[in-house]
Amino acid sequence: MRNCIWMHPAPGEPPAAWQRQLAEMRAAGLDSAMVLVADGERALYDSSVLPVAAPVLEQLLPLAQAEGVALHAWIVALQCNAARILAEHGDWYSVSRRGDSSRDRPPYIDSYRWLCPTRPEVQAYLCALVDELSRFEPLAGVHLDYIRHPDVILPPALQPRYGLVQDRELPEYDFCYCSACRAAFAAQTGRDPLTLDDPAAEADWVRFRCDGIRSLVAAAADRARSRGKKLSAAVFATPSLARRYVRQQWESWDVDAVLPMIYHQYYGQPPAWIPAAVREGTEALRPGVTLHAGLFVGRLAPQELTQAIERSLSAGATGVALFASGSMTAAHWPAVRSTCRQPD
Ligand SMILES: [Zn+2]
């Protein structure tokens, strides 16, 4: 995989429309697409992702193969609003330092409900979804999104939207203090995280939560690879921001590819920041893992997009990942083509 796009297939869209989209992608030099098949919002997870994923993948896979575009099944991993999980597995949800379950009192917005990565049942559940999707042929891989803790600190440009000043880790946004995490941390260190004076400054406690996500990713990667699929993940913009905001230590994950969402506007940065963020990632990343710079097309004029792609590649990215839901204009496609298309 080099250059890819996150794709939101509309249910019931006629095959001819998908065919057009795939041909447009391929002509612009995009060789892969992440296709959203499980968004964590609908009842997709009640027992299986297949009711939604199967009709989409069964239609799209042969079309994509004919166009020479590799498809990856994109799933929202830990943010979960599925009716059955909410009703039957309340204990799977992350708990804040204030003691609130994200099921009952989600932070920021009503749908911000998160599963705890430490729980063996959650691990088994996510691995089963990955396994289910990995059976599809000729799917290239599974793509994990929302594979993290909820934001203990929001990116600076988003804080005013919620009327917040998060100059430190506030208890109502700091997760996961559920009974399973407290017991596991106590078994490792002899301490209860709820008794820590300054949890943000406790390296062991920060590491515990980063390790929980990393183990879950490794288990998912095992499942995907056992069926010959790649595992990739959408991650926060840079290793340092990802660790500080959402407990992702993605530079050490056992994945095939990372797609850091270098959405400059969330951080109050100009597009010129993008290559610096790419460089931080590529320099920290494990050998053999490719980085594809995630670009927010809606905040890049065509000329800026061309420049952002060129600069990302110069900074060491293997390719780019376009987040372009509804924002690719007729002028954006040539901007992508001029930089991504390989000579025939
Ligand atoms: Zn927990």
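For the structure itself, consult the block above.
Computed from a prediction, not measured in an experiment: that's the story for all the values here. (Residues numbered from 1 in each chain as written. Predicted model: local features only at pLDDT ≥ 70, side-chain atom pairs only at ≥ 80, totals over all residues. Heavy atoms only, no water.)

Engineer: Could you clarify how one ought to interpret the overall build of the protein chain in this entry?
Structural biologist: Across its full length, the protein chain holds ten helices and eight strands. The C-alpha atoms of the protein chain give a radius of gyration of 20 Å, which matches the 20 Å a tight globule of 344 residues would have. Projecting the C-alpha coordinates of the protein chain onto the three principal axes gives extents of approximately 60 × 40 × 40 Å. Counting over 344 residues, the protein chain shows a buried share of 55%. (Helix = DSSP H or I, 4+ residues; strand = E, 2+ residues; numbered from the N terminus. Rg over C-alpha atoms; globule rule 2.2 N^0.38 Å. Buried < 20%, exposed > 50% of the residue type's maximum accessible area, 1.4 Å probe, protein only.)

Engineer: Is there a simple way to think about the side chain of S327 in this case?
Structural biologist: Among the structural elements, S327 can be located in the loop between strand 8 (319-323) and helix 10 (332-340). Here S327 is in contact with V297, G298 and H332, once residues within four sequence places are set aside. (Contact = heavy atoms within 4.5 Å.)

Engineer: What's the story with the packing of aromatic side chains in this structure? I'm lost.
Structural biologist: Aromatic ring pairs: the centre-centre distance and the angle between the two ring planes describe each pair. Enumeration according to the criterion identifies 18 aromatic pairs in this entry. Among the aromatic residues, ring-to-ring pairing joins Y108, Y112, W114, Y146, Y162 and Y173 into one connected group. (Phe/Tyr/Trp six-rings, centres within 6.5 Å; stacked < 30°, edge-to-face > 60°.)

Engineer: Explain the pairing of strand 4 (residues 141-145) here, please?
Structural biologist: On a regular strand, each side chain points to the face opposite its neighbour's, so the side chains alternate between the two faces of the sheet. Most of strand 4 sits inside the fold, with five of its five residues counted as buried. Both faces of strand 4 are covered, namely the face carrying G141, H143 and D145 and the face carrying V142 and L144. Pairing of strand 3 (residues 70-76) with strand 4 involves five bridges; the strand directions are parallel. Among the inter-strand pairings, W74 is bridged to a residue of strand 4, identified as H143. (Pairing = 2+ DSSP bridges.)

Engineer: Would you explain the packing of helix 1 (residues 15-27) against helix 2 (residues 50-67) in this entry?
Structural biologist: Helix packing for two helices is described by the angle between their axes and how far apart those axes are. Where helix 1 contacts helix 2, the two axes come as close as 10 Å, and the packing angle between them is 40 degrees. Here helix 2 runs oblique to helix 1, going by the angle between their axes. Considering how the two elements wind past one another, helix 1 and helix 2 form a crossing that is right-handed. Residues P15, W18, Q19, L22, A23 and R26 of helix 1 form the contact with helix 2, whose participating residues are V56, Q59, L60, L63, A64 and E67. Partitioned by chemical class, the residues of the contact of helix 1 with helix 2 number eight nonpolar, two polar and two charged. (Axes fitted to C-alpha atoms, helices over the stretch in contact; angles between N-to-C directions. Parallel < 35°, antiparallel > 145°, perpendicular 65-115°, else oblique. Left-handed = near helix turned anticlockwise from the far one by under 90°. Nonpolar A, V, L, I, M, F, W, Y, C, P; charged D, E, K, R; others polar.)

These figures come from the coordinates and say nothing about function on their own.
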